[in-house]
Structure formats: C-alpha cells, structure tokens
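Single-letter residue listing:
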Amino acid sequence: MCGIAGFIGRGDGSTLKRMTDRIAHRGPDADGFLVDAANAVFLGHRRLSILDIAGGVQPMSTTDGAISIVFNGEIYNFHELRIELERLGAVFQTDHSDTEVLLHAWRHWREAMFEKLNGMWAFALLDRERKELILSRDRFGKKPLFYHAGSNSFAFSSELISLRAHPEVPAALSERALRKYYAYGFVPAPLTFIEGVNKLPGGHWMRVDLDTLSTRTQRYWEYQPEPFQERPAGIEDRWAEELLAKLGAAVDRRLVADVPVGSFLSGGIDSSAVSALAIRKLGRDRLKTFSIGFEEASFDETAYARMVASHLGAEHHVERLSIQRALDILPDVLSRFDEPVADASILPTYLLCQHARRHVTVALGGDGADELFAGYDPFKALRYARLYERMVPRPIHKAISMLAGRLPVSHGYMSLDFKIKRTLGGLNHDPRLWLPVWMAPIAPSEMEALHRKPVDLEDVFSEAIELWEGCAEANDIDRTIAFYINLYLQDDILVKVDRSSMLHSLEVRAPFLDIDFVDFVRRLPADVKLRQGTTKWLLKRAVAPLLPGEILARRKQGFGVPVGAWFRDDLLPAHTHSSGYNEAFWAQRLSSHRSRRRDERLFLWSDWLLRGSHLYG
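What counts and how
- Starting from 1, residues in each chain are numbered consecutively following that chain's sequence as written.
- The predicted origin of the model limits local features to residues at a pLDDT of at least 70 and limits the giving and counting of side-chain atom pairs to 80 or more, whereas totals for whole chains, interfaces and linings rest on all residues.
- With hydrogens and water stripped out, all remaining heavy atoms of the structure feed into the side-chain values.
- Only Phe, Tyr and Trp rings are paired, with Trp represented by its six-membered ring, and only when their centres lie within 6.5 Å; those with planes under 30 degrees apart are stacked, over 60 edge-to-face, the remainder tilted.
- Only DSSP runs of H or I with at least four residues qualify as helices, and only runs of E with at least two residues qualify as strands; both kinds are numbered from the N terminus onward.
- Whether a charge lies above a ring is judged from NZ of Lys or CZ of Arg, which has to be within 6 Å of the ring centre and within 35 degrees of the ring normal.
- Put simply, a nonpolar core is a bunch of buried Ala, Val, Leu, Ile, Met, Phe, Trp, Tyr and Cys residues held in one set by side-chain atoms that sit within 4.5 Å of each other.
- In this scheme, a residue with accessible area under 20% of its type's maximum is buried, one over 50% is exposed, and one in between is partly exposed, where area comes from a 1.4 Å probe on protein chains only.
- In this analysis, two residues are considered to be in contact whenever any of their non-hydrogen atoms come within 4.5 Å of each other.
- Using a 1 Å grid laid over the protein atoms alone, points where a 1.4 Å probe fits but cannot get out form a cavity; open sets with protein on both sides within 12 Å along at least 5 of 7 lines form a pocket; any residue with an atom within 4 Å of a point counts as lining.
- Grid points are joined across faces, edges and corners, and a volume is the space filled by probe spheres set on the points.
- Residue type decides the class: Asp, Glu, Lys and Arg count as charged, Ala, Val, Leu, Ile, Met, Phe, Trp, Tyr, Cys and Pro as nonpolar, and the leftover types, Gly among them, as polar.
- The term salt bridge refers to a pairing of a side-chain nitrogen on Lys or Arg with a carboxyl oxygen on Asp or Glu at a separation within 4 Å.

(A) Region of interest: the packing of aromatic side chains. Under the defined criterion, the tally for this structure stands at 27 aromatic pairs. Each ring, one from Phe 228 and one from Trp 239, has its centre 5.7 Å from the other, and the planes form 20°; the classification is stacked. On the criterion of sequence distance, the pair formed by Phe 228 in the loop between β12 (215-219) and α6 (235-253) and Trp 239 in helix α6 is long-range, its members being 11 residues apart. Above the plane of the ring of Tyr 304 lies Arg 554, whose end atom (NZ or CZ) is 3.9 Å from the centre. Lying over the aromatic face of Trp 586, Arg 611 brings its terminal NZ or CZ to 4.6 Å of the ring centre.

Structure, rendered in structure tokens:
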C-alpha cells in the first residue's frame, strides 16, 4: 500500500518532492522518483512495504524501459496472472511483486487487463512507445486518485492535499461540490471540493496524451444486479454453501502478506464472519482482532466483539473513545484528513486504525457487506414507504409529519424519533429522492436558506437520480443496493477507511469486495438478501456454523458516534472562520439542537467538519 503522485508538463523535481512529502504517511518505508525529461513526465511514489519487500521498489519499469508505473494497492490474483503472463512469454525480474505483473499485463493485454484484476488499486502507467499516461482505479474506488487536467500540465495524486502542492492546480472551492456535500455528506466522483480538480471514479481508466495533454476516460465496470432466473428446489442451500466458499476464498487471498495481518472485529455479522474465516485459515490463537468501545452505552458494542473473539480464540484488543479522546484526535483528523466526509464514524475508524497499527501492518475489514446484502435501515423502510405512498393522501402525510415533529428529541444511537422524522422527511419527495434525502445532512426544503440562492434538486441529487433511473427494470431493493455500492460506498465509506488507515500507515483489505464474490452476490435475488424484515438473510444463513447464535440474532448497530450529545452539551470547540454560508442559519440550527426542539446533528457535524478542514486553512 502506497501513495502516488506525478505530473506531465510544467514543474520540476522539487515540485514532485513536495507532492510526495505530503503523502509520506501513506508510504513511510521509502520514496522513489522517475523523471523522463524527453516526455516531461514526473512520477513519484511513497511505499508502505507489504509484499516482496526487497524487490517491489517503485517507480518500476520493464527491462527495456518502454513502460513504467507507480502503483498504490494490492492485486490479490497476481500469482495466477503471473503464471498466465509467463506462458505468453513475459520474463519477470522480481520474486513475487504484483507491481511487475501490472507492467507485463499492460504490454500483453492493454486495457483488457482491467477486467482480469482482482484487487484494489490506483496507478499511473507511462507507455513511452504509445506516448501516453494511463490512469486506472479499482472497481469500487477503494484506492483514491485525484487529477487536474490543465492547458500546460496534467497532475495527479492519491490525495487532494498533495495535488494542491503543484503550482498549476487551482485553489478555488467548487460551489457545485459544496452544494452536494451538504446534500449527501460527501462529494460524489468525479467532483471534488476544488474547482477544476476531479476524482477518477471507481471502475474507470483514463488515457492522457503526452504531447497534447488531451484526456479520454472510459468505464470498464459498473455494479449491475442480474438475478438468477432459475430457482430449483434446494437452491437456497446451495447458494449459502457457495457464498461461504467464495467469501472464504476472498479472505484467504487477503491473508497473503510479508507482514503481520489482523482483523477488525466490531461484534457484528460482517467483521465476525471475516474474522472467523481468517481463524479457519490461520488456526486458533494466530489472529489479532481489534475493536473500539464508547463510554455512551447505546453506542457501545464491545461486549459482542469480546464474545466473538472468545468463541474464535482470537487475541482481542479494545480501545475506548471518550469525548476527551475524540477532542485529542480531532486536530489531527481536521488537519490531515484530505477531503472532508461528514461521517462521524471517521473518529472511531481513525482510532481503530491507530490502535491496530501498533500490532499489525494489514487489517481485514467488513466493508461492503451492508451494501451487498441490504443491511442498512433504509432497506427495511422501503417496504413501508411504498405502502405509505399508496395509502396516505398528501394532506394527511403533512399532518402526520407535523405530529412527528413534536416527538421528543433523543440523541441516542438511531433513536426511534430520529428514524421516524427522517423517513417522513424523505416521503415528502418522489421515490427517486427517498434514499439521499433520508441520509442528507440538511432537508431539501432548507437548502435555499443555507445557500442563500435557488437550489436545483435535480442537479444536487443528479447522481442518485441517475442510479435510480438506471435500474429501471430492477426492484426497489436492487435499486437501493446499486445506489449504496456505486455512490455511498465509494465516496463515503471507502474514503473514510482509506484516509483513516493511511494516516497510520495501515493497509485495510475488504474481502466482501472481492470481485469473484461480488459477481456471485449481484446475481442473487433480492428476497434472499432482505426477507420479511431480516437483513442479510442468506449471509446469516451461510455463516451460521461459524458464529454464536446471539451474534446472528442481534440487532444491527453501525459505527455510530454521539455527536448529537456533543453539540447539545457544547463539548466541541468552535471554529474561528466561516464556511462562507449563512451564519444565521448555523446559529438557528445550533440553538434548536441544544434546546432539543430539533435534531440537527447531521448538519451541525457536516458544517463543523468542513469549517475545520484544510480547505479553509
């Protein structure tokens, strides 16, 4: 796992060094540079050594010098690809470097290589014969890649804060991106907070012409549900067996490393299943597991994590997050977290990664399971939302919403009043907007007051609308899965995990996002993912032999953080500068929140995080 940066055109070696220095946390073990003066190409790399520690030095080139690469990530099927490439005549110089596999894969397969890769990656590959730079990002966007395509230069980097070290990269904030940030809690790709800077979306690759700096971007993969049409007797038992086998293979692939490997363990189904399968491969007492606890009881699930660790025989480590601990780490998070993501679970994720890095260099996580198996609360809400939409006239809905607004505010984890008010708020809109509005930091009806100008909801929520309409033949569950995987997973969950882990030089691997596993799961019918209100139905059935019954039956609990109580009790420090929006709006929301008239935790946290980010520094 590493950090990459580089550019074509204006700039010199000192520019490249500044860019890579800003991502030194992503690769503390070594740095490397390639300067191709003839083509005005500069490539830089920061290395976190995981695989082939002696031989995997970057930038790496073919022996004839025709192709060079800087690569961030892991290719889990590199061994199989290496054998296939050797049969085609490729001669390898390293012992077991997945980076060198990419060089030969490009030479033999060109863009067809992307569909063959099983892993997580972002890379920049220089093809001198074709006079082009190739950028690519893995299917889900697990590894980041920012770029600026200017008239005099093309620059790229693993992080926005590094890219901004190039003198040609603009500094002005994007108004459209900021509107989307307050609508989603994150900025969806390809947009970024900076005008003129983009993220290469997951599942895409780009070609940059070295002479003209012209670019062309192409998609090579997109999540699409394609349910099996045949359902013979006993098929669900066979599906459960195949699911467990494919998940086990995905875990096994992610245990390959030349450094210590551990596992995150929250006590939920996803991380517990991953930890159990890792133990099955490694043997008892050979896996370290890690969890974070909270002082506030409604947010704490460490008892379940300890139960699973004891059941599995894992060496378990726990650390607790208090308000004081949160305040201690917030300055570091705000100053170094690159692009703000208004997901408060960034704090426990950051602390969890810091905690795990004291013991291991690689950790397995459960990311992707909630998205693939309909694990979030909105999946259950959809069934009732459709029924409510058909049966409740608009005037009665307005009256119900007014009554719900009078429910006492609770700042506990996913409290009943929070879920009722959120659900009813979404139902003010047509189904295309239910999901983003349920999750939005601010209600659409208040966006114009915040921004002090008219707001086009079709533009603000364009990504969500496109995904919903793009699955026109699918049912609501499969449409929602596509929304979560293509949007929320990429631009919230994986950003949070990547930045939190890389700030501590920890590599996090996600077995649930193994492409062989995903290709199987996306063909499963929606009713085996959500059945009669039970989320992850088939997953639970598949992993039942591995886990205690209490874990399988427990209510889902996410990585929640009591920020509502923190704002209510005035525990978070005030920022001295404005985010550039309506200050009166902020003051009114803070007052309503502290008096318990309204629950404004999502907006307050989103705005507070943005105000304290390096974007305003």
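(B) Here's a closer look at the nonpolar core. Formed by 179 residues in total, the largest nonpolar core has its most connected members in Met 113, Phe 123, Leu 243, Leu 347, Phe 461 and Trp 605. Here the element with the most residues in this core is helix α19 (residues 476-502); it accounts for 13 residues. With residues up to four places along the chain from it excluded, the contact list for Leu 243 reads Phe 373, Phe 517, Phe 520, Leu 524, Leu 538, Leu 539 and Ala 542. Counting 20 residues, the second-largest nonpolar core is a separate cluster that includes Leu 43, Leu 145, Phe 156 and Leu 200.

(C) Structural view of empty space enclosed by the protein. Scanning the model with the defined rule gives four cavities of 30 Å³ or more in all. Estimated volume of the second largest cavity: approximately 100 Å³. Among the secondary structure elements, those contributing two or more residues to the lining of the second largest cavity are α19 and β17 (507-509). Ranked by the residues each element gives to the lining of the second largest cavity, the list is headed by α19, at four residues. Counted by class, the lining of the second largest cavity contains five nonpolar, one polar and five charged residues.

(D) Molecular detail of the environment of Val 41. Within the fold, Val 41 resides in strand β3 (residues 41-47). Taking the C-alpha atoms as reference points, Val 41 and Leu 133, 92 residues apart in sequence, are found 8.9 Å from one another.

(E) Quick look at the pattern of salt bridges. A complete count under the given rule lists 52 salt bridges for this structure. The partner of Glu 463 in a salt bridge is Lys 180, and the shortest N-O contact between them spans 2.9 Å. Placement of the pair is Glu 463 in helix α18 (residues 462-470) and Lys 180 in helix α5 (residues 175-184), with a sequence separation of 283 residues. Comparing Glu 463 with Lys 180 shows no difference in burial state: the two are buried.

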